[in-house]
Structures are given as structure tokens and as C-alpha cells.
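# Descriptive analysis of the structure
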Amino acid sequence: TRVKPNLLAALETDEPEIPDEPVSATLTAYAGYAKLVWTTSSGATSYNIYDKNGTYITSVGSSTTQIDLSTTKNVSTRFGVAAVNEVGVSSIKNSN
């Protein structure tokens, strides 16, 4: 099969891609708040934080790898984090 030149050129460019999701996300819950810590993702310019239902909470810069979050008192919950860049948003990595 012959590849068209414009398609081949598109395949050869170093176009940015959506970053991979963070490899890990760990939640440590305390009375009234939780700390979410995650690994960085290559190419990420920021990270989006989500609640256990996948609802967006906030965004933090690419140099941030942890955030303190409010929770219902004495209730541990789950949070998720996704890597973001100019191309798009990775899938969400949920805390364990």
C-alpha cells in the first residue's frame, strides 16, 4: 500500500500528544481533609483534580505533585488526577 506524501509527513512530525495519565495517585485521609499525591507525566503543563464521581474540582501547575483537599469530617473518599497539555487531557488516575 502506498502512503500519500501529506499523510507520511504528518506521521513523521513531532506533534505534541495528550500526556499519559499519572502512574500513581495516593490519597492520605485525615479528619476533615485529605492529601492527594501523584507522579508527574511527561509533557504535562498542568494537572486537573477530580472528585470520586469524576467532577472537576481544580487545576494546578505542572510543578505541583500534591494537593490538600477538604473532605467530609472523618470520611475518607477518592480523588483523581489527570495530566493536561495544549493537546488535551489524559484519562483520570484515581487514588487508591
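In this report, we go over the structure that sits alongside the text. Here the structure is a predicted model, which means the values were calculated and not measured.

Quick notes on the rules
- Residues numbered from 1 in each chain as written.
- Predicted model: local features only at pLDDT ≥ 70, side-chain atom pairs only at ≥ 80, totals over all residues.
- Heavy atoms only, no water.
- Core = buried A, V, L, I, M, F, W, Y, C linked by side-chain atoms within 4.5 Å.
- Buried < 20%, exposed > 50% of the residue type's maximum accessible area, 1.4 Å probe, protein only.
- Helix = DSSP H or I, 4+ residues; strand = E, 2+ residues; numbered from the N terminus.
- Contact = heavy atoms within 4.5 Å.
- Pairing = 2+ DSSP bridges.

Before going further, it helps to spend a moment on the nonpolar core. Counting 14 residues, the largest nonpolar core has L36, W38, Y47, I49, I67 and V81 as its most contacted members. Taken together, the elements giving at least two residues each to this core come down to β1 (25–30), β2 (33–38), β3 (46–51), β5 (66–70) and β6 (79–84). Those residues in contact with I67, other than ones at most four positions away along the chain, are A34, K35, L36, W38, I49, T58 and V60.

This paragraph deals with the pairing of β2. Here β2 shows one buried face, formed by A34, L36 and W38, and one open face, formed by Y33, K35 and V37. Bridge count for β1 against β2 is six bridges, and the pairing is antiparallel. By the bridge assignment, A25 is partnered in β2 with W38. The turn linking β1 back onto β2 is made up of two residues, and G32 within it adopts a positive phi angle of 95°.

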